[in-house]
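The primary structure of each chain is shown beneath.
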Amino acid sequence: MHPKELPRVSNHGWLGSFGKTAAERLAMQREIAEASTPLVRGRILHLPLVLPARPEACHEVLVTKARSFEKSPGLRVLLHELAGQGLFTSEGELWRRQRKLMAPIFTPAALAGLPEMMHQTAARAADDMEPGQTIDLAHETTRIAMTVVGHALFGIDAFDEADALGDALTTALGWVNGALADPGIGLHIKVMDLAHDLAQRTRGWLRAKLERTRDVFESPFLIRGSRSRALRGAVALMNARIEQLIAERRREGLERPDLLTRLLAAHDADEGSMSDTQVRDEVVTLFVAGHETTATSLAWSFYLLSRHPEVLQRVLAEVDALGDGPIDHYEPERLALTTRVFREALRLYPPVTLLPRRTLEEVEIGGTILPRRSLVFVSTWAQHRRADVWEDPDRFDPERFLPEREAARPKGSYLPFGAGPRVCIGMHFALMEGPIVLATLLRRFRFEIDPSREIVEDEFATLRPKGGVPAVVRARR
Ligand code: HEM
């Protein structure tokens, strides 16, 4: 079948099916969830989009035929100011080398020493909470997750600076979200592709010049607001903090067995192959990717528990059974229900709803031949709401993650961390941190969230709760 023959999802104004608001973007993803064909099609501005609808087609794109895809160049351009060529955005040999360098930090064995710090960080946030006080759980979980990633990967205590860094990040990601449908991206991609194709056909200085032109267009200078004072200020604040972090670590010596040491040691050992900019890009990427998503899914977990008191009661019984001492290691069996709650929150509100890809060559997906350079967006949200995979998909039901029920589901149907070679490197980290933070806070407090207030998804780079998750703190004991 040719892509033009695929069923189409609805348009929302001039932006196409992609829409502008969170509600419009989720409406598109709902249509994908309801499609019975392997693929459907849509558009973003004038660009055609292929949208895998059945789990098998998502699995082909992300796993079995992953070699035929790259991350969409638009994503690289939009994230360029913030994350440069860090692990999330890089491609090819650079990505392979960097992933190999970082992977040992993220194995379950290497992470086994982190639970106590995760617990202590959450306990420290709890120490600041007063019964009767109204807090924003989205803000608290951001402070916690940022501090956890700061300690684990970079040996810093970001607790007191979490607000300033969080604001800078919100500004930068807010810009990315606003620029998603900017016509300037199309032009950037056209020039990059043209320069790339011409470079392939030339040699010597001309080839080098064309490759440089291609690289210049990775920076989003044609996109509205990309030179705004707010965006530049946010990026400058992050850069200054990272420079300070690197200088401190160099003074202290490269002894701690963490990610920063690994990056700096690789930089020093192999002068030239990892530049200062590359170290900076990896640090920002890991710092951002390592807390924003976890914080968002924790905030949704609290919200869902407040709406399902019968599940909350069972979670409280589980966390009370841990006793009063520190949680210094992670035993999945002892936090089994809490972990299922976290995973169900990730199903209903996957922080990363779309995984944008582009074909590197002609490839067949779900019986349709996609030409080279087709844009293919995998919707995690749509997979999580398919009624033929998840019974009553909009209902909160952590028991879906009982092992026997999980085993019965098709590959490609649960994708909060993506899948295949580009799967989230921090997946085990997050699946440990989520339940530990929930358990630590719920052992001490109940969080009352106004029952008349429905919290909806925000239009943001990740699926944040709109207006945060305001809650009144109540002592449990
Ligand atoms: C609940 C928490 C998290 C969620 C939902 C999440 C989600 C994701 C997803 C969906 C991807 C793949 C994107 C794609 O294929 O286009 C990804 C990649 C990535 N994540 Fe996470 N993530 C989480 C936590 C973390 C943590 C804790 C870290 C680090 C400490 C992290 C670091 C990264 C990095 C570096 C990548 C890029 C990996 C690569 O391309 O090789 N993430 N994440």
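The structure under discussion appears in the preceding block.
These numbers come from a predicted model, not from an experiment.

**Student:** With reference to specific residues and values, describe the coordination of the iron atom of the ligand.
**Tutor:** For the iron atom of the ligand, the protein contributes exactly one donor atom, C424 (SG), at 2.3 Å. Within the secondary structure, C424 sits in the loop between α18 (403-407) and α19 (427-444).

**Student:** Give me the sheet that holds strand β8 (residues 375-379): which residues, what numbers.
**Tutor:** On the basis of which strands lie adjacent, the open sheet formed by five strands has the order β1-β2-β8-β5-β3 and mixed pairing. Edge positions in the open sheet fall to β1 (39-44) and β3 (69-71), since each of these has one partner strand only. Neighbouring strand axes in the sheet, compared pairwise and without regard to direction, differ in orientation by 35 degrees on average. Sheet strands touched by helix α1 (residues 22-34): β1, β2 (47-52), β5 (354-359) and β8. Its angle to β2, the strand with the most contacts, is close to 50 degrees.

**Student:** Summarise the state of the cysteines; cite the residues concerned and give the values.
**Tutor:** When the sulfur atoms of two cysteines share a covalent bond, that bond is a disulfide. For the structure on display, the rule yields zero disulfides. Left unpaired, C58 is separated from the closest cysteine sulfur, that of C424, by 18 Å. The class for C58 is buried, based on a relative accessible area of 0%. What makes C424 partly exposed here is its relative accessible area of 33%.

**Student:** Describe the packing of helix α7 (residues 137-154) against α19, with residues and values.
**Tutor:** Packed helices, taken two at a time, are described by their axes: the angle between them and the distance between them. One can describe the packing of α7 onto α19 by two numbers: an axis separation of 12 Å at closest approach and a directional angle of 130 degrees. As summarised for this structure, α7 and α19 are arranged oblique, according to the angle between their axes. In this structure, the crossing between α7 and α19 has a hand that is right-handed. Here I144, A145, V148, V149, A152 and L153 of α7 come into contact with α19, specifically with F429, E433, V437 and L441. Split into classes, the residues belonging to the contact of α7 with α19 amount to nine nonpolar, no polar and one charged.

What counts as what
Residues numbered from 1 in each chain as written. Predicted model: local features only at pLDDT ≥ 70, side-chain atom pairs only at ≥ 80, totals over all residues. Heavy atoms only, no water. Donors = N, O, S within 2.8 Å, 3.2 Å for Na, K, Ca; no water. Helix = DSSP H or I, 4+ residues; strand = E, 2+ residues; numbered from the N terminus. Pairing = 2+ DSSP bridges. Axes fitted to C-alpha atoms, helices over the stretch in contact; angles between N-to-C directions. Contact = heavy atoms within 4.5 Å. Disulfide = S-S within 2.5 Å. Buried < 20%, exposed > 50% of the residue type's maximum accessible area, 1.4 Å probe, protein only. Parallel < 35°, antiparallel > 145°, perpendicular 65-115°, else oblique. Left-handed = near helix turned anticlockwise from the far one by under 90°. Nonpolar A, V, L, I, M, F, W, Y, C, P; charged D, E, K, R; others polar.

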